[in-house]
Amino acid sequence: MEQRRSPLLEVKGNIELKIPLVKATSRLPLPGSRLKRGPDQMEDALEPEKKRIRGLGTTTKIATTRPRAPPLTTVPQAQGQAAAQKVPRRTGPRYSTATATVSKNQKPVPAVPVQKPSTSATLPMVRGKKPSKRPAWDLKGQLCDLNAELKRCREKTQTLDQENQQLRDQLTEAQQQAKALGAERRTLEGELITVRAQAEQGQQELANLSARVLELEERLGTQEGLVQELQKEQLELQEERQGLAARLEEQERRLQASETALSSSRAEVASLRQEAAAQAVLLAERGERLHGLEMERRRLHNQLQELKGNIRVFCRVRPVLPGEPIPPPGLLLFPSGPNGPSDPPTRLSLSRSDERRGTLSGAPAPTTRHDFSFDRVFPPGSGQDEVFEEIAMLVQSALDGYPVCIFAYGQTGSGKTFTMEGGPGRDPQVEGLIPRAMRHLFSVAQELGGQGWTYRFVASYVEIYNETVRDLLATGTRKGHVGDCEIRRAGPGSEELTVTNARYVPVSCEKEVEALLHLAHQNRAVARTAQNERSSRSHSVFQLQISGEHTGRGLQCGAPLSLVDLAGSERLDPGLALGPGERERLRETQAINSSLSTLGLVIMALSNKESHVPYRNSKLTYLLQNSLGGSAKMLMFVNISPLEENISETLNSLRFASKVNQCVIGTAQANRK
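Residues numbered from 1 in each chain as written. Predicted model: local features only at pLDDT ≥ 70, side-chain atom pairs only at ≥ 80, totals over all residues. Heavy atoms only, no water.

> Help me understand the overall build of the chain, please; the structure alone is not making it clear to me.
For the chain, the count of helices and strands is 14 helices and 16 strands. Within the span of the chain, comprising 673 residues, buried residues form 36% of the whole. Looking at the chain alone, contacts between residues at least 24 apart form 73% of all its contacts between residues at least 6 apart. With an accessible surface of roughly 41,300 Å², the chain has 54% of that area assigned to carbon and sulfur atoms. (Helix = DSSP H or I, 4+ residues; strand = E, 2+ residues; numbered from the N terminus. Buried < 20%, exposed > 50% of the residue type's maximum accessible area, 1.4 Å probe, protein only. Contact = heavy atoms within 4.5 Å. Areas by Shrake-Rupley, 256 points an atom, 1.4 Å probe, with all protein chains shown as cover.)

Set out below in structure tokens:
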């Protein structure tokens, strides 16, 4: 089947095949001209001419001949012009193209041959010779000439009529062709509009396709990059697959070996399970035995502490500090024990001369020797670790459920605060009893955790200043407030005492305790005295409430550990003149001595087993009520100065400690549930 050609191509082909038309000048007479007249009419038309000629008296020849028009070969040019006049002219490339093209299938118009007029009818003309003129009187000759001329004109008229008829036929045919071409042109214009619309649509589609091509090329570039990445990843995966295949083979070999070992291990597991069951039974038996041994250890430990005394007194002599005078030899002596120097010292001898007796007699004052015996005496060279080693077992009794209270008693500057809290800085060698006791308790509690015990520790730190309780752990707006804290029962019917509005901080490690000690040291009330540049003017009480529980056996125990740094115990000089600042120090000293006296009375009442113990006479004894009597274990450090100038205060402190050391309290009972 022949493929249909585009209308635009057909128009282009018609333009290439178009035959140009030859333009010819037509000399046809218009309708109604005198050439159509007959011979009679021609003669009538010539009569005026004859008369005019006669009137002029000259003989002239009327030139009636006209130059013959060349034969008309074709008429399509005239037809095209006529058709062009009928079609309205339009501008623009769309219409210029339509008017300049014809259909390819349209055949060119053949040229119409024009018959040449007969030359026989024409009057022969002799070239180079003019016709002879007839004389004016020769009218007959002139008439003959006119008749001949008329005859020639008639022949010529006939010829021209024939030409005119032929031209009219050609014109009619050309007009028909022009109409056909006009119709065809309109058809072609419509087709051209359609083609242009199609061309515009094609251009739009071409633009869309070009954009689409660019987009596809961009996507193709992206896809090619992705393909390259995927190919690279495929290579990597292939290498990984090969590695995994090798590993799989290795794992299969190992699996086979493991299955072989598993089969042998199952038999071993069966035997181990039997052994484990036997070990579980043995472990349960040993657990029971261990629990019994732990209970026995606690009983023996408590019995040992009771044998040492539920009220014990240790004496500690501080060393001479740089810048202080060296004491005379023999002022303080430390006699050896029954077994010689290898025994820890327990006795102390103080030599003092009586100046009053020497003045009355005029002789040198005799030396008076005072001997004291305590549970342990620490000379000036004793370190903090040696001191704590002696009380470590007593501190551990708090974990067993026994209330424990440790005092530091002595005059200002005798080393009480150093014994309890330690020296400045964080040197481990000079740590006091409080941080060492906390470290020991946390360590032992962790060991007992392996036996099923869990412990909880809650710390508080208060001071009693002028019989007023103040919280040393207070922060923010409550820091430094006085009178907010009161000693109350924990609840109705409860024997436990608490301090209202005081902070009770749970602790679980040494660093937390160090932070609390640092805060309390900043908040404690101190002042300058005659004995020391910076003296503690209050009793500081650090309490650690210990709660233990054994969930497996349903056992619970709890007890407080109280570590007390008492205020300076120096006496008053009634003859000393005091200013306004010294009066405040006087009131402080009176409150301190009153509370220390009450402490001595409470200990004596407990020793004598009196029905009334004056706990409420002092805030100090009231706060420590549960740590002094009943099942409590108590230890007092009496701190003394080695200087001769402090011999009087040293002697008073030793006498007070000796009285306490003579007291005996009943057997302690653990607080267990």
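The structure having been displayed, the exposition proceeds.
> Honestly, helix H10 (residues 510-523) in this entry has me stumped. Any pointers?
It helps to recall that an α-helix has 3.6 residues per turn; residues three or four apart then point in one direction. Across its 14 residues, H10 extends 20 Å between first and last C-alpha, which sits within 8% of the 20 Å expected from 1.5 Å per residue. Residues of H10 that are buried: Val 513, Leu 516, Leu 517, Leu 519, Ala 520 and Asn 523. For H10, the arc enclosing every buried residue in end-on projection is 165 degrees, short of the 170-degree limit, so these residues lie on one face. In this structure, H10 carries Lys 511 and His 518 as exposed residues pointing more than 90 degrees from its buried face. Contacts from the buried residues of H10 go to helix H9 (433-449), strand E7 (453-465), strand E8 (468-471), strand E11 (505-507) and strand E14 (539-550). (Expected span 1.5 Å × (residues − 1). Arc of directions from axis to C-beta.)

> Where do I start with the confidence of the model for the chain in this structure?
Do not read the predicted coordinates in detail wherever pLDDT is low. When the pLDDT values of the chain are averaged, the result is 76; 70% of them are 70 or greater. Mean pLDDT across the elements of the chain bottoms out in helix H4 (residues 93-99) (39) and peaks in E11 (93). In the predicted structure, residues 7-43 sits below a pLDDT of 50 and forms 54 contacts with residues beyond four places in sequence or in another chain. Taken together, the stretch residues 45-129 has pLDDT below 50 and engages in 108 contacts with residues farther than four places along the chain or on a different chain. (pLDDT = per-residue confidence, 0-100.)

> Sorry if this is basic, but what is going on with the packing of helix H7 (residues 384-396) against H9 here?
When two helices pack together, their arrangement is captured by the angle between the axes and the distance separating the axes. Relative orientation of the contacting elements H7 and H9 amounts to 50 degrees, with a least axis distance of 10 Å. One finds that H7 runs oblique with respect to H9. Crossing of H7 against H9: the hand is right-handed. Seen from H7, the contacting residues are Gln 384, Asp 385, Val 387, Phe 388, Ile 391, Ala 392, Val 395 and Gln 396; seen from H9, they are Leu 433, Arg 436, Ala 437, His 440, Leu 441 and Val 444. Here the contact of H7 with H9 is composed, by residue class, of 9 nonpolar, 3 polar and 2 charged. (Axes fitted to C-alpha atoms, helices over the stretch in contact; angles between N-to-C directions. Parallel < 35°, antiparallel > 145°, perpendicular 65-115°, else oblique. Left-handed = near helix turned anticlockwise from the far one by under 90°. Nonpolar A, V, L, I, M, F, W, Y, C, P; charged D, E, K, R; others polar.)

> Looking at this structure, how should I read the nonpolar core?
It is characteristic of soluble globular proteins that their nonpolar side chains tend to be buried jointly. Phe 407 and Leu 628 are the most contacted members of the largest nonpolar core, which has 51 residues in total. In terms of residues, this core owes the most to one element, helix H11 (residues 580-607), which gives 7 residues. The next biggest cluster of nonpolar side chains, apart from the first, holds 45 residues, and it includes Phe 314, Met 438, Val 507 and Leu 516. (Core = buried A, V, L, I, M, F, W, Y, C linked by side-chain atoms within 4.5 Å.)

> Please clarify how the pattern of salt bridges should be interpreted in this entry.
Two side chains of opposite charge can pair, provided their charged atoms sit close to one another. Under the counting rule described, the total for this entry stands at 13 salt bridges. A network of salt bridges, in which partner residues are shared, links Arg 134, Asp 138 and Asp 145. (Salt bridge = Lys/Arg side-chain N within 4 Å of Asp/Glu carboxyl O.)

> For this particular structure, what's the right way to read the side chain of Ser 460?
Mapped onto the fold, Ser 460 is located in strand E7. Under the relative-accessibility criterion, Ser 460 is labelled buried at 7%. Residues contacting Ser 460, with those up to four places away along its chain left out, are Leu 473, Arg 503, Tyr 504, Val 541, Phe 542 and Gln 543.

> Looking at this structure, I do not really get the packing of aromatic side chains. What am I missing?
Aromatic ring pairs are defined here through the distance separating the ring centres and the angle between the ring planes. This structure, assessed with the given rule, holds 9 aromatic pairs. Where Phe 314 meets Phe 637, the ring centres are 5.6 Å apart and the plane angle is 80 degrees; that geometry is what we call edge-to-face. Residue Phe 314 is located in strand E1 (residues 311-317), and its partner Phe 637 is located in strand E16 (residues 633-640); the two are separated by 323 residues in the primary sequence. Its relative accessible area of 2% is what places Phe 314 among the buried residues. An aromatic cluster is defined as three or more aromatic residues linked by ring pairs; in this entry it consists of Phe 442, Trp 453, Tyr 455 and Phe 457. Cation over ring: Lys 633 sits above Tyr 402, and NZ or CZ is 5.0 Å from the ring centre. (Phe/Tyr/Trp six-rings, centres within 6.5 Å; stacked < 30°, edge-to-face > 60°. Lys NZ or Arg CZ within 6 Å of the ring centre and 35° of its normal.)

> Just checking my understanding: could you explain the sheet that holds strand E4 (residues 367-373) for this structure?
Hydrogen bonds between backbone atoms are what pair the strands of a sheet, whose relative direction is either parallel or antiparallel. With respect to topology, 3 strands assemble into an open sheet ordered E2-E3-E4, the strand pairing being antiparallel. At either end of the open sheet lies a strand with only one pairing partner, and these are strand E2 (332-333) and E4. Sheet topology note: the E2/strand E3 (residues 347-353) ladder contains 2 bridges and is antiparallel. Looking across to E3, one finds that Leu 333 is bridged to Ser 349. Sitting on the sheet, helix H14 (residues 647-661) touches E3 and E4, and the angle it makes with E4 is about 35 degrees. (Pairing = 2+ DSSP bridges.)

> Can you walk me through a negative patch on the surface in this structure?
Negative charge collects at one region of the surface, where Glu 229, Glu 233, Glu 236, Glu 239 and Glu 240 lie side by side. Looking at where Glu 240 falls in the secondary structure, it is placed in helix H5 (residues 139-308). (Patch = residues over 30% accessible without salt bridge, like charges linked within 9 Å, V, L, I, M, F, W, Y side chains within 5 Å. Lys, Arg positive; Asp, Glu negative; His and termini not counted. Charge placed at Lys NZ, Arg CZ, Asp CG, Glu CD.)

> Can you walk me through the pairing of strand E15 (residues 555-565) in this structure?
Successive residues of a regular strand alternate their side chains across the two faces of the sheet. Among the 11 residues that make up E15, 8 are buried, leaving the element largely enclosed by the rest of the structure. Note that strand E6 (residues 404-410) and E15 share 5 bridges and pair parallel. Bridging across to E15, Ile 406 finds its partner in Leu 563. Direction of pairing for E14 relative to E15: antiparallel, over a ladder of 11 bridges. Counterpart to Ile 546 in the pairing with E15 is Ala 559.

> Help me out: how do you make sense of unusual backbone geometry in this one?
Backbone phi values are negative for most residues with the exception of glycine, while trans is the configuration of most peptide bonds. Its identity is not glycine, yet Asn 466 carries a phi of approximately 55 degrees, on the positive side. Of note, Asn 466 is situated in the loop between E7 and E8. Located in the positive-phi region is Glu 467, a residue other than glycine, with phi close to 60 degrees. In this fold, Glu 467 is placed in the loop between E7 and E8.

> Before we go on, may I ask you to explain the side chain of Glu 421 in this structure?
Among the secondary structure elements, Glu 421 is positioned in helix H8 (residues 416-421). What makes Glu 421 buried here is its relative accessible area of 17%. Separated by 2.7 Å, the side chains of Glu 421 and Tyr 461 make a polar contact. Beyond its immediate stretch of four places on either side in the chain, Glu 421 contacts Gly 432, Ile 434, Pro 435, Tyr 461, His 521 and Arg 524. (Polar contact = N/O pair within 3.5 Å; in protein donor to acceptor, adjacent residues only side chain to side chain.)

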